[in-house]
Each structure stands twice: as structure tokens, then as C-alpha cells.
Amino acid sequence: MSWIFGYGKKDPQLLDPSQEMPPGTGKTEGGGLQISESDMKKMEAYRFDSAALERAAQAARELEKSKHAKEALELSKMQEVTKQQELMVNMKAYEAEIERGKVQQKQVDAEERRKTLQEETRQHQARAQYQDQLSRKRYEDQLLQQQKINDENLRRQEESVAKQEAMRKATVEHEMQLRANLEMKKIQAEMEAKAKADRENRDINLEQIRLKAVENRATILESIKTAGSVIGAGVQSLLTDWDKMMVAAGGLSLLALGVYSAKGVTGVTARYVEARLGKPSLVRETSRFSLLDSVQHPIKTVKKLVNKPSDALADVILAPELEERLRDVAIATKNTKKNRGVYRNILMHGPPGTGKTMFAKKLAQHSGMDYAIMTGGDVAPMGSEGVTAVHKVFDWAGGTRRGLLLFIDEADAFLRKRSSETISENLRATLNAFLYRTGEQSDRFMLVLASNTPEQFDWAVNDRLDEMVEFNLPGHEERERLVRLYFDKFVLQPALEGNKRLKLAQFDYGQLCSEMARLLDGLSGREIAKLGAAWQAAAFASHDGVLTEQMVRDKCMDAVNQHKQKVEWQSEQERRESKSIGYQSAKDSSTTIVKKSKSQQAKSTTSSSADPVKAVPKS
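Procedures and definitions
Residues numbered from 1 in each chain as written. Predicted model: local features only at pLDDT ≥ 70, side-chain atom pairs only at ≥ 80, totals over all residues. Heavy atoms only, no water. Helix = DSSP H or I, 4+ residues; strand = E, 2+ residues; numbered from the N terminus. Buried < 20%, exposed > 50% of the residue type's maximum accessible area, 1.4 Å probe, protein only. Contact = heavy atoms within 4.5 Å. Areas by Shrake-Rupley, 256 points an atom, 1.4 Å probe, with all protein chains shown as cover. Core = buried A, V, L, I, M, F, W, Y, C linked by side-chain atoms within 4.5 Å. Phe/Tyr/Trp six-rings, centres within 6.5 Å; stacked < 30°, edge-to-face > 60°. Polar contact = N/O pair within 3.5 Å; in protein donor to acceptor, adjacent residues only side chain to side chain. Patch = residues over 30% accessible without salt bridge, like charges linked within 9 Å, V, L, I, M, F, W, Y side chains within 5 Å. Salt bridge = Lys/Arg side-chain N within 4 Å of Asp/Glu carboxyl O. 1 Å grid on protein atoms, 1.4 Å probe; cavity = no way out; pocket = protein on both sides within 12 Å on 5 of 7 lines; lining within 4 Å. Points joined across faces, edges and corners; volume = space filled by probe spheres on them. Nonpolar A, V, L, I, M, F, W, Y, C, P; charged D, E, K, R; others polar. Pairing = 2+ DSSP bridges.

Enquirer: Quick question: what am I supposed to make of the overall build of the protein here?
Expert: Each helix and strand counted, the protein has 18 helices and 10 strands in total. Burial statistics for the protein: of 619 residues in total, 22% are counted as buried. Within the protein, counting contacts between residues at least 6 apart in sequence, those at least 24 apart form 76% of the total. Counting only carbon and sulfur atoms, one obtains 56% of the accessible surface of the protein, whose full area is about 45200 Å².

In C-alpha cells form, the structure reads like this:
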């Protein structure tokens, strides 16, 4: 195996003495080599340990001589084959890695192409949008330019029409002026001709006037003579004939009796009709139909007779406790009407706009009764006629067969305390007449009073009330129900019907109603109803008739600000009234002291005059 490791071969470089030496070396005089230090350092790099090579050769010779040389060779071959196989496996793995890299490169290329396509698509879209914007801008510019041209043409046409109108007007004025001049000249000529003719015919005209006057005088005298002779003959025959005189006297007496009788019967009939059928002057609104109304409005009369009683709390949104109590009142009133019992008098008090009048109407309709609405502010200005007017109202109310709910709004205007010095004698008499007619409960009519200040009622008025119901301002839930009710009534239904100029923009009106219910704290039901009407008016006032969310919010904030202003005004008014009341109470107390002193003096004078010892009778 020496041929494998090179054993037995001699290195020609080591044995050939004629081999060239490295540059910078030379021979010495004795035939030896003279090497410099730098060359020696360089040659150190070419030196190696030959002992290791010799040991390897010795090991190879021993291995060749050994009996396991063949196995070692086979082992070496197997190691070489194994190395070759490992190399092949590494090459396959390298090729697989190369293929994987190619696949990844293809994926990266595909992703890059996809991104490139997306970017190109985006660029195309942007370019298309830009082109569209340019075309729109160009179209708008064309429209604007066309509008300018149209405006310029219109202005020129208007100027031309104005010039033509001015010319026509000037022509007409000139013609009128010429016509007026001609008329004046014509009239002047006619007057001159008439004056000339009158001057020429003066004597003839005077003679004609004189003759006409003589004829008229003779005719009048002849008529007077004829009439005098006829009347005289008639009077003479009447005075000489007693039978004719008695017939004339009887006829005149019967005529006078007929006139006065007809006048009295007409007055009595008119008062009866007014008390039973006609509507009194104090009643502002009523559902009761008279015979004349039935003839004039037969359709309404038939509808009224056909319509069934409705729910007393329909479209009336109140607190749950108040609704339960009012429902009990409605059921009791309906059963009272059916069983012909006596009605109970009710007082409804609370802030304005909380649904008192609305519930009174619903209560009458639910119970199958008629309703009549009057206001206390109409009674005070009537003065001395207030007593008669009150009696007429109660006579009219007692003449119904279906039952009447008499609703008196602002009742505190004339039902004030009689102990107060602020009411007049006429108002005091009217109050007494009211107390007289309501002293007993009636099975004909039901009395319902409404007031914002029930503490001003006279004690006798409070004694005639059977039940008092307080209407408070709506809470959060009631406000939300009211907002939804009036939003549906004034906005949604007209928008769905489509017969009005009203449309609704796209927004969540349910959530908006909940937000507005929180903002409208302190507002009454009437103010919320007015807010619904304001939404409708805002839509009608817009250029396209569309009600947007911002418009709804703006109207809501306007209503809140207006309510705050009203509250501030009310506070200022209450402060002024408290000051005036304090001044008036001080003045009244001083007046009362003076009256008491005068009454005490009068009592002392009366007691002294009533003394039988000291009293002196007057002659």
C-alpha cells in the first residue's frame, strides 16, 4: 500500500541539489550557501516536520503487512462511498432548496404582480375619478357659462322690454295729452256756443220758466183743495155716524192689542228657545246640536249619532297613577249616565297645557254626554249682566236629555273669595248666582272646573267640589311618549301619505326622540305639541321640503330656550305681584282699621240713640 501514501518515492525537490534557490541567496567561497536573515525568515515557512511523514509511512507499511489490510481497504472504500452518498444527499437537498427558492421566488413574483395589478387598478380608478371630476367641473363650468349667457340675454331682453315699455308709455302719454287738449278745446268750443245760444235765447228761456212755475202753483193749489174737501167730508160723515165711529175705535183697539200680544209672545218664545235650544253667549264651544244645527249640518248629526263612545284616555298621555285615577272617574261617570244618577263635580288643577281641557272632552265623549266649554274670563267683563248670563247657562244645561259636561276653564277668574276686597259687587252677585245654581248635585249636568291657582277659590265653591285631581308636568317617560306621538302625527303620517310637501331624511328618529325627551325637561304637553307643529313648519319652509335631523334638533333647542325665557318672565312677574300684594295688604289693613273705628263710632251713636231715656223723636 506504499503507492497509496507515496511511500518509497523520493521527492525530487529534496534530492536535486541543482534546484534553484530562492532569490536573494548565494554561494560562499567554500562552496557553501550564504543566506541572509530575511531569506531565512522566508524559508521558515517552507519547513515541515518529516518525522510525521515517516511515521505515517511506517504505519502504512505495517498496515500493508497486517492481515487486516484488506478489511481496512474495504472500510476506506465504504467510507468513501458513504461520503459520496452523503455528498449526493447534500446535493439533492441543495437542489430541493434551490427548487424551494424558485417556488418562493415565483410566489413573490406573483404577489408583486398582484400588488402591481392592484396599484394599476387603483391608479386607473383614481384616473377615472379625476377624469370624472374634470368632466363634472367642465360641465359645471359650461352650465355656469350658459347661466351667465342666459342671464345676460335675460338682462338684455328686460332692458329692451323696459325701453319698449318706456317708449309705449311715452307714446300713450303723448296721445292722452293730445286727446286731453282736443277734449278741452272741444268743451271750450261747446261752452262758448252754448253761452252764445243762451244769450240769444235768454228771453225765451225766462218766459218758459215763468209759465212752468205758474202751472205748478195752480196744480198744487188744486190738489190741496181736493184733498181738504175729501178729508173734511170723511171726518164729517164719521162724526155724524156713530156706528162708523165705534167700528173705527174697535179696530184700532184690536190692532193695538194684537201688536202688544205678539210682542209679548215673541219675547217669551225667544227666551224659551234661547234657554232650551240656543247656545248661551258664555259658551264658547259645545258638542250639543240644536234643531237649527241639525238642519244645517245633517251629516255631522248623523255621525254623532252613529259614532260609538271612545276611550277617555285616547291620545291623552299622563303619569300612570293619574291615568288610573282618571280612568276610574271616566268609568264612574259613564255608569252614572247609564243609571241616571247624580253627577259629581270635579276640580282639575295644575300648570297650563297639561291636558285638562282635552281630558274633559274625552270624558264627555266616553260617557255619551255633550260637553260645553266656557271660560271664567268672559264672566267678569259682563258686569251686571253676568247674573243673567249665568242663569241662562244653567237653564240651557238643564234642558239636555243626554247629559251635559259643563267645563269652566280659568274658573278662578270669577269664583274668587268673597272676603277679598278686589272683586266688584257685580262679580260678587255673579258668584252668588253660581253658588245658588250649584247648591245641589244634578242628574242633568256635570260641573268640571279647571284652574292654575285653585287656592283663590271661595270656600263655598270648594264645598261644592266632590273630587280634586292634580295634573302635573309630564315626566321623562311621558315626555318621550308625547314626543313620539306628535312626531308621528305631524311628521311621519303626512310624509307617508304623500299629499303634502313634507319628506323625512334618513336618521334614527327613535333614538332622537329619546334624546329630545331628556332635553325637554319642564315643558308641558301643549308646548311639546307646538314643537311638533314647529317641525312640520320647518319642513314646509325648507327649499326641498325635507326635514333633517339638524332641523329637528334646532327646533327642540329653540323650544327649550323659549321655555327658559317664559320661566324668567314668570319669576319677575311673581316678584312684582308679591310687592304689589304686600303694598295692597298694608293699604287694606289701614283701610280696615279706619272702617273699624268708624263702625265703632256708629255703634256707639246707635246705642246712645236707642236708649229710651236719651232718645228724642224727630218731628
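That shown, we press on.
Enquirer: Which parts of the structure should I look at to understand the nonpolar core?
Expert: Note that soluble globular proteins tend to have their nonpolar side chains buried in a common cluster. The biggest cluster of nonpolar side chains holds 30 residues, and the ones touching the most others in it are Leu406, Ile408, Leu415, Phe434 and Leu449. For this core, the secondary-structure elements that each account for two or more residues are β5 (370-375), α12 (386-398), β6 (404-409), α13 (425-437), β7 (445-451) and α14 (459-463). Not counting residues up to four positions away in its chain, the partners in contact with leucine 415 are Leu431, Phe434, Leu449, Gln456, Phe457, Asp458 and Val461.

Enquirer: Just to check I follow, could you spell out the packing of aromatic side chains for this structure?
Expert: Two measures describe an aromatic ring pair: the distance that separates the ring centres and the angle between the ring planes. Overall, the coordinates contain seven aromatic pairs when judged by the stated rule. Judged by centre distance (5.5 Å) and plane angle (15 degrees), the rings of phenylalanine 487 and tyrosine 509 are stacked. You can see phenylalanine 487 sitting in helix α15 (residues 476-497) and its partner tyrosine 509 sitting in helix α16 (residues 509-519), a full 22 residues away along the chain. For phenylalanine 487, a relative accessible area of 1% translates into the label buried. For tyrosine 509, a relative accessible area of 35% puts it in the partly exposed group.

Enquirer: Would you take a moment to explain the side chain of serine 442 for this structure?
Expert: By the element assignment, serine 442 lies in the loop between α13 and β7. Accessibility expressed as a relative area gives 15% for serine 442, which makes it buried. Of the polar contacts made by the side chain of serine 442, one reaches the backbone nitrogen of arginine 444; its length is 2.9 Å. Serine 442 has contacts with Val342 and Tyr343, leaving out every residue within four places of it along the chain.

Enquirer: Where do I start with a nonpolar patch on the surface in this structure?
Expert: A surface patch of nonpolar side chains, about 270 Å² in accessible area, is lined by Leu87, Met88 and Met91. With a relative accessible area of 44%, methionine 88 lands in the partly exposed category.

Enquirer: Which parts of the structure should I look at to understand empty space enclosed by the protein?
Expert: In this approach a probe as big as a water molecule rolls over the atoms, and the regions it shows empty are the leftover space. Counted by the stated rule, this structure contains three cavities of 30 Å³ or more. A volume near 50 Å³ is recorded for the largest cavity. When its residues are assigned to classes, the lining of the largest cavity shows two nonpolar, four polar and two charged.

Enquirer: What's the story with the pairing of strand β4 (residues 346-349) in this structure? I'm lost.
Expert: Consecutive side chains along a regular strand alternate between the two faces of the sheet. Residues Ile346 and Met348 of β4 are buried on one face, and the alternating residues Leu347 and His349, pointing to the opposite face, are buried as well. Where β4 lies against β7, four bridges are found, and the strand directions are parallel. Bridging from a neighbouring strand, histidine 349 pairs with serine 451 of β7. Pairing between β4 and strand β8 (residues 467-470): four bridges, direction parallel. Considered in β8, the bridge of leucine 347 is made with methionine 468.

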